[in-house]
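Residues per chain, in single letters:
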Amino acid sequence: LGGKALEDYGDSILKISQSSRSSISDLLEIGVVAGQLGIEAKNLESFTVQANKFAVALGSDYSGGVNAAINSVGKLNVLFKDTQNLDPAESLSIAGSMINELTNIGVKAENINDFALRVGRLPAVFKPSLQSTLALGATFEKLGVNSEIASSGFNNLILTASKNMPAFAKQMGIGTKEAENLLQQDPVKFAARFSQTFKKMSPTQLANTLAKLKVNSNEVVGVVGGLAAGSDILTDALARTNEQYQKATSLTLEYDTKNSNMAAKIEIAKNNFEAMTIIIGTQLLPVLGELIDKIMPIVRNVLDWVSANDKIVLVIGAFALGLVILKIALGAYNLIMGFATAVST
């Protein structure tokens, strides 16, 4: 990005800053992250607009601030097939809206995002949709299972099931082919349905049964136990993400709310002043350049004259210094006389 394209992007940054609480430096940082994510120049402005909404709405949920927030949500675009072919700005709007909507059930955006990034490493054939993955992450977060353990458990469960499908199908009470189809079509639904068969089991029974299925991971035990107990949470979370995948309105609504309070208005006023100084400064640069070009010959002539008439300059300098000393002395005299007059009265 350079030349006219860079200039145009700079103008768009100033324009965005005049109606957003995000500082110009934060908006420029979004541009840097966009470059790291490989966003093409033609999509840069629209991506920045959506990324700014995400930063205002959910940036405080991320421990690394604006940079970490945009980086994390931006990477989801290439990991999941239901967003891979979308415009980067549209993808961010959808993912951001789903994540924001899930925070309304009392979970943290950063943790849901982290879970999705980890599950996104699954082979494509076993990878859930983005909306199912985010809903699943929110479910585990709500149940108190951190994203690292939950994602590890889920990934291991899916991969183990794919290698031992007859036994898993038997546990689920369905045929092997049906179980295989369910796993391929909707891995989250497969995991939830499998987990429901353990709903009335004690933790010991659950662990023993999973061991017979060649599942010996504590993470998987936690995932299955969580899904067995949290089916209502998952159902609610899926309803939220599916709705936002279609509408993608939640992020904008949250942005509008956080961008219209008193604190936001103060930040917007500061941004407008800063943008004004930048615009004025940029416009004055050519004029200042012309003025300097005109003044410099005069300055050079003065310097040449001073070099050729150094003795005269010394006399003039001494005379000027004398005038300055006389002015200081008169000022001191007036100050003393004024003080004396004030005291006598």
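Reading the values: the criteria
Residues numbered from 1 in each chain as written. Predicted model: local features only at pLDDT ≥ 70, side-chain atom pairs only at ≥ 80, totals over all residues. Heavy atoms only, no water. Helix = DSSP H or I, 4+ residues; strand = E, 2+ residues; numbered from the N terminus. Buried < 20%, exposed > 50% of the residue type's maximum accessible area, 1.4 Å probe, protein only. Contact = heavy atoms within 4.5 Å. Salt bridge = Lys/Arg side-chain N within 4 Å of Asp/Glu carboxyl O. Expected span 1.5 Å × (residues − 1). Core = buried A, V, L, I, M, F, W, Y, C linked by side-chain atoms within 4.5 Å. Axes fitted to C-alpha atoms, helices over the stretch in contact; angles between N-to-C directions. Parallel < 35°, antiparallel > 145°, perpendicular 65-115°, else oblique. Left-handed = near helix turned anticlockwise from the far one by under 90°. Nonpolar A, V, L, I, M, F, W, Y, C, P; charged D, E, K, R; others polar. pLDDT = per-residue confidence, 0-100. Arc of directions from axis to C-beta. Phe/Tyr/Trp six-rings, centres within 6.5 Å; stacked < 30°, edge-to-face > 60°. Lys NZ or Arg CZ within 6 Å of the ring centre and 35° of its normal. Polar contact = N/O pair within 3.5 Å; in protein donor to acceptor, adjacent residues only side chain to side chain.

**Here we look at the overall build of the protein chain**
Looking only at helices and strands, the protein chain has 18 helices and zero strands in total. Expressed as a percentage of the 345 residues in the protein chain, the buried residues total 39%. For the protein chain, restricting intrachain contacts to residue pairs at least 6 apart in sequence, the fraction spanning at least 24 positions comes to 72%.

**A word on the pattern of salt bridges**
As enumerated under the stated definition, the model contains nine salt bridges in all. Lys 108 is the partner of Glu 110 in a salt bridge, and the nearest nitrogen-oxygen pair spans 3.9 Å. Each of the salt bridges in this network shares a partner with another, and the network as a whole consists of Glu 101, Asp 236 and Arg 240.

**Quick word on helix 4 (residues 65–79)**
Taking 1.5 Å per residue as the helical rise, helix 4 with its 15 residues ought to reach 21 Å, and the 22 Å between its terminal C-alpha atoms agrees with that figure. Considering only its buried residues, helix 4 is in contact with helix 2 (24–36), helix 3 (44–58), helix 5 (81–84), helix 6 (88–103), helix 7 (109–119) and helix 8 (130–142).

**Comments concerning the nonpolar core**
Counting 79 residues, the largest nonpolar core has Phe 54, Ile 70, Leu 76, Phe 168, Phe 190 and Phe 194 as the members making the most contacts within it. Ranked by the residues each element gives to this core, the list is headed by helix 3, at seven residues. If we ignore the near neighbours within four places in the chain, the residues touching Phe 168 are Leu 157, Thr 160, Ala 161, Phe 190, Phe 194, Leu 213 and Val 215.

**Points about the packing of helix 7 against helix 9 (residues 147–163)**
The geometry of helix 7 relative to helix 9 is characterised by a closest axis approach of 9 Å and an angle of 30 degrees between their N-to-C directions. Compared by their axis directions, helix 7 and helix 9 come out roughly parallel. Remark: the crossing between helix 7 and helix 9 carries right-handed chirality. Of the residues in helix 9, those touching helix 7 at Asn 111, Asp 114, Phe 115, Arg 118 and Val 119 are Ser 147, Glu 148, Ala 150, Ser 151, Phe 154 and Asn 155. Here the contact of helix 7 with helix 9 is composed, by residue class, of four nonpolar, four polar and three charged.

**Section: the confidence of the model for the protein chain**
The predicted coordinates ought not to be read in detail in places where the model reports low pLDDT. When the pLDDT values of the protein chain are averaged, the result is 85; 80% of them are 70 or greater. Taken together, the stretch residues 339–345 has pLDDT below 50 and engages in zero contacts with residues farther than four places along the chain or on a different chain.

**A closer look at helix 16 (residues 250–258)**
Of the residues making up helix 16, those classed as buried are Ser 250, Leu 251 and Tyr 255. The buried residues of helix 16 occupy an angular sector of 130 degrees when projected down its axis, which confines them to one face. The exposed residues of helix 16 that point more than 90 degrees off its buried face are Leu 253 and Thr 257. On its buried side, helix 16 packs onto helix 3, helix 6 and helix 15 (231–247).

**Some points on the packing of helix 9 against helix 14 (residues 218–229)**
Relative orientation of the contacting elements helix 9 and helix 14 amounts to 95 degrees, with a least axis distance of 8 Å. Judged by the inter-axis angle, helix 9 sits roughly perpendicular to helix 14. Two secondary-structure elements touch here, helix 9 through Ile 149, Ala 150, Ser 152, Gly 153, Phe 154, Asn 156 and Leu 157 and helix 14 through Glu 219, Val 220, Val 223 and Val 224. Within the contact of helix 9 with helix 14, the residues separate by chemical class into seven nonpolar, three polar and one charged.

**Describing the environment of Ser 12**
Looking at where Ser 12 falls in the secondary structure, it is placed in helix 1 (residues 3–17). Looking at Ser 12, the relative accessible area reads 5%, which means it is buried. Sequence-wise, Ser 12 and Val 49 are 37 residues apart; in three dimensions their C-alpha atoms are separated by 9.3 Å.

**Quick word on the packing of aromatic side chains**
Per the stated rule, a full pass over the model turns up four aromatic pairs. Arranged with centres 5.9 Å apart and planes meeting at 55 degrees, the rings of Phe 115 and Phe 140 form a pair that is tilted. Here the residue Phe 115 occupies a position in helix 7, and Phe 140 occupies one in helix 8, the gap between them amounting to 25 residues. With respect to burial, Phe 115 and Phe 140 carry one shared label: buried. Ring-pair connections join several aromatic residues into one group, and the members of that group are Phe 168, Phe 194 and Phe 198. Above the plane of the ring of Phe 80 lies Lys 127, whose end atom (NZ or CZ) is 5.9 Å from the centre.

**Here's the deal with the side chain of Ser 151**
Along the polypeptide, Ser 151 turns up in helix 9. The class for Ser 151 is buried, based on a relative accessible area of 3%. One polar contact links the side chain of Ser 151 to the main-chain carbonyl oxygen of Glu 148, over a distance of 3.1 Å.

**Things to note about the environment of Val 73**
Following the sequence through the fold, Val 73 ends up in helix 4. Taking the C-alpha atoms as reference points, Val 73 and Ser 91, 18 residues apart in sequence, are found 9.4 Å from one another. Filtering out sequence-adjacent residues up to four positions away, Val 73 remains in contact with Phe 54, Leu 92, Ala 95, Ile 99 and Asn 113.

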